[in-house]
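# Structural overview for review
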Amino acid sequence: MSMVQKYYLCRKFFYAMNFDRIFNRALSLEPLSLEEGVLLYEQAPTSELVFIANQLRQKFHPGNTVTWMIDRNINITNICISGCKFCNFHRKINGEGTYTTTFAEYKIKIEEMLQLGGNQLLIQGGMHPGYGLAFYTDLFSRLKSEFPGVRLHALGPPEIVHIARKERMSYREVLEKLIESGLDSLPGAGAEILCDRVRKEISPAKARTAEWLDVMAEAHKLGMVTSATMMFGHIETLGERVSHLIYLRDLQSLKPVSAPGFMAFIPWPIMSEGTELGKLIKLTPVLPIEYIRTIAISRIVLNNIPNIQASWLTIGKETAQVSLHGGANDLGSIMIEENVVSAAGASVKLSALEMQRTITEAGFQPQLRSQDYKFIDLPDVVEKYIT
Ligand code: SF4
């Protein structure tokens, strides 16, 4: 055997030993270090990552069930002062094509959603410079009084930071007022990558890492259901991705025992078609294999977040199906209306029937769920056109 062959054999042996040690720690739900997470991301064979992630998924969710939900996205307005470089959706206040959704439009959209069997809304910004706390509390109160059964999964840490700055209130005070007026749960929107080097480059006017985390910490103390996201595949390093996961894991470990905290983690690759960032930098698209590895790493590093969601909207059905074998246990919503990532190139659409089929074809049992991950029966209207 040549010296070079010996060197590679020793190196392979060294990594295999290290992976075994790290995988054993992961399977015992021990928190991995940044270095361990990066080593796995950079060097571990995909087959092993997927195998371990699937074992961990079985610890959280024994059996064969994959959850999904029906909700409708509604954007409050496309006027936004944040100006994120990856966003094609926002408009300047005096720009062309601006809108704010009227209450009559909410009513039509909600009626449509109810007819399709959904009862949950995902309501998100832009950050309109003129809209303070009263705008949102009025909106949520009106929606709840007109549609008391509809759950509001709305805004996100950057919007809470924006409102708190505008009103000179604490995050807790803003959240309390929003909860009083009908906010049910807080999406983990606007996380992108929780690293200020990255945030300064791609979304300089948005909440910084500490602000995003501080809002979520307050939401957890108030007992809110929240989620966490990661938009990756742009200017971040693998280390910054793993560090993002560790921030989330560490925050989750601080939540009150009785609070749900982060119920789910949803990673998705950046959609940059036609965006300012896409024009500034030639971004290499995230390949399916990288997405699958990212799902697996997420499951392995996030030892205290129960649900990992594959983002079919951005990666397509097939990659989402494979992800279900590598750590993911949820396919999210059929998304009756989605405007933000669709404006930057995402074009996949799924009906309730297709969602059920996608899960079944992947070898799993589909199960409808609520925003807080409770299993619910299929509404009659859905059952009728599925069976
Ligand atoms: S991603 Fe959201 S916060 Fe950023 S510019 Fe677009 S609408 Fe505004």
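Notes on the structure follow. None of these values were measured; they are calculated from a predicted model.

The next thing to look at is the pattern of salt bridges. Applying the stated criterion across every chain, the model contains 17 salt bridges. Of the charged contacts in the structure, one is a salt bridge between Glu36 and Arg25, with a shortest N-O distance of 2.8 Å. Remark: Arg25 occurs in helix H1 (residues 3-27) and Glu36 occurs in helix H2 (residues 34-43); sequence separation between them is 11 residues. The class of Arg25 is partly exposed, set by a relative accessible area of 22%. Here Glu211 ties to Arg165 by a salt bridge, and the two come within 3.0 Å at their closest N and O atoms. Taken together, the residues Glu211 in helix H9 (residues 209-221) and Arg165 in helix H6 (residues 157-167) connect sequence positions 46 residues apart. The network of salt bridges with common partners includes Arg21, Arg25, Glu30 and Glu36.

A few words on the layout of surface pockets. The space that makes up the largest pocket amounts to roughly 230 Å³. As for the largest pocket, its lining consists of 15 residues, and the residues nearest its centre are Pro269, Ile270, Met271, Pro285 and Val286. Only helix H12 (288-301) and helix H13 (312-315) provide two or more residues apiece to the lining of the largest pocket. Taken together, the residues of the lining of the largest pocket break down into 10 nonpolar, 5 polar and no charged.

It is worth spelling out the site of the ligand at this point. Looking at the ligand, the residues that line it are Cys80, Ser82, Gly83, Cys84, Phe86, Cys87, Phe89, His90, Met127 and Lys206. Here the shell around the ligand is built from residues that sort into 6 nonpolar, 3 polar and 1 charged.

What we call a disulfide is simply a covalent bond connecting the sulfur atoms of a pair of cysteines. Applying the stated rule across the entire model yields 0 disulfides. For Cys195, which is in no disulfide, the shortest distance to another cysteine sulfur is to Cys84 and amounts to 15 Å. Overall, Cys195 belongs to the buried group, its relative accessible area being 15%.

Right, let's talk about unusual backbone geometry for a bit. In this model, Gly125 is joined to Gly126 through a cis peptide bond whose omega is 15°. The backbone of Leu29 sits at a positive phi, close to 60°, despite the residue not being glycine. In this structure, Leu29 sits in the loop between H1 and H2. Of the residues examined, Leu29 reaches a relative accessible area of 35% and is grouped as partly exposed. Its identity is not glycine, yet Glu192 carries a phi of approximately 45°, on the positive side. Relative to the elements of secondary structure, Glu192 occurs in the loop between strand E5 (185-186) and helix H8 (196-202). Judged by relative accessible area, which is 5%, Glu192 ranks as buried.

A separate point is the environment of Leu152. Within the secondary structure, Leu152 sits in strand E4 (residues 151-154). For Leu152, a relative accessible area of 1% corresponds to the buried category. Distance in space between the C-alpha atoms of Leu152 and Thr314 is 23 Å, their sequence separation being 162 residues. Residue contacts for Leu152: discarding those within four places in its chain leaves Leu121, Ile123, Phe140, Leu143, Lys144, Gly182, Leu183, Asp184 and Ser185.

To continue, consider the side chain of Arg293. Counting through the fold element by element, Arg293 comes out in helix H12. There is no salt bridge for the buried Arg293, and the closest opposite charge comes from Glu290, which lies 7.9 Å off by N-O distance. Not counting the four nearest positions on each side in its chain, Arg293 is found in contact with Leu40, Tyr41, Glu42, Gln43, Ala44, Pro45, Thr46 and Leu49.

Let's shift gears to helix H15 (residues 352-361). Every buried residue of H15 is listed here: Ala352, Met355, Gln356, Thr358 and Ile359. Seen along its axis, H15 keeps its buried residues to an arc of 160°; they face one direction. Downstream of H15 by a residue or two, Gly363 has a phi angle that is positive, lying close to 100°.

The next subject is a nonpolar patch on the surface. On the surface, Val4, Tyr7 and Tyr8 cluster together to form a nonpolar patch covering roughly 340 Å² of accessible area. Tracing the sequence through the fold places Tyr8 in helix H1.

Leu40 and Ile300 are the most contacted members of the largest nonpolar core, which has 106 residues in total. Discounting residues that sit within four places of it in the chain, Ile300 has contacts with Phe23, Ala26, Leu32, Leu40, Leu49, Ile52, Ala53 and Leu56.

With that settled, the discussion passes to the packing of helix H5 (residues 133-146) against helix H7 (residues 171-181). Each pair of packed helices gets described by two things: the angle between the helix axes and the distance between those axes. At their nearest, the axes of H5 and H7 sit 8 Å apart, and the two run at 25° to each other. What the angle tells us is that H5 and H7 run roughly parallel. When H5 is examined against H7, the residues Leu133, Tyr136, Thr137, Phe140, Ser141 and Lys144 are found in contact with a partner set consisting of Val174, Lys177, Leu178 and Ser181. Residue classes in the contact of H5 with H7 are distributed as 5 nonpolar, 3 polar and 2 charged.

Reading guide: rules and limits
- Residues numbered from 1 in each chain as written.
- Predicted model: local features only at pLDDT ≥ 70, side-chain atom pairs only at ≥ 80, totals over all residues.
- Heavy atoms only, no water.
- Salt bridge = Lys/Arg side-chain N within 4 Å of Asp/Glu carboxyl O.
- Helix = DSSP H or I, 4+ residues; strand = E, 2+ residues; numbered from the N terminus.
- Buried < 20%, exposed > 50% of the residue type's maximum accessible area, 1.4 Å probe, protein only.
- 1 Å grid on protein atoms, 1.4 Å probe; cavity = no way out; pocket = protein on both sides within 12 Å on 5 of 7 lines; lining within 4 Å.
- Points joined across faces, edges and corners; volume = space filled by probe spheres on them.
- Nonpolar A, V, L, I, M, F, W, Y, C, P; charged D, E, K, R; others polar.
- Near = heavy atom within 4 Å.
- Disulfide = S-S within 2.5 Å.
- Contact = heavy atoms within 4.5 Å.
- Lys, Arg positive; Asp, Glu negative; His and termini not counted.
- Arc of directions from axis to C-beta.
- Patch = residues over 30% accessible without salt bridge, like charges linked within 9 Å, V, L, I, M, F, W, Y side chains within 5 Å.
- Areas by Shrake-Rupley, 256 points an atom, 1.4 Å probe, with all protein chains shown as cover.
- Core = buried A, V, L, I, M, F, W, Y, C linked by side-chain atoms within 4.5 Å.
- Axes fitted to C-alpha atoms, helices over the stretch in contact; angles between N-to-C directions.
- Parallel < 35°, antiparallel > 145°, perpendicular 65-115°, else oblique.

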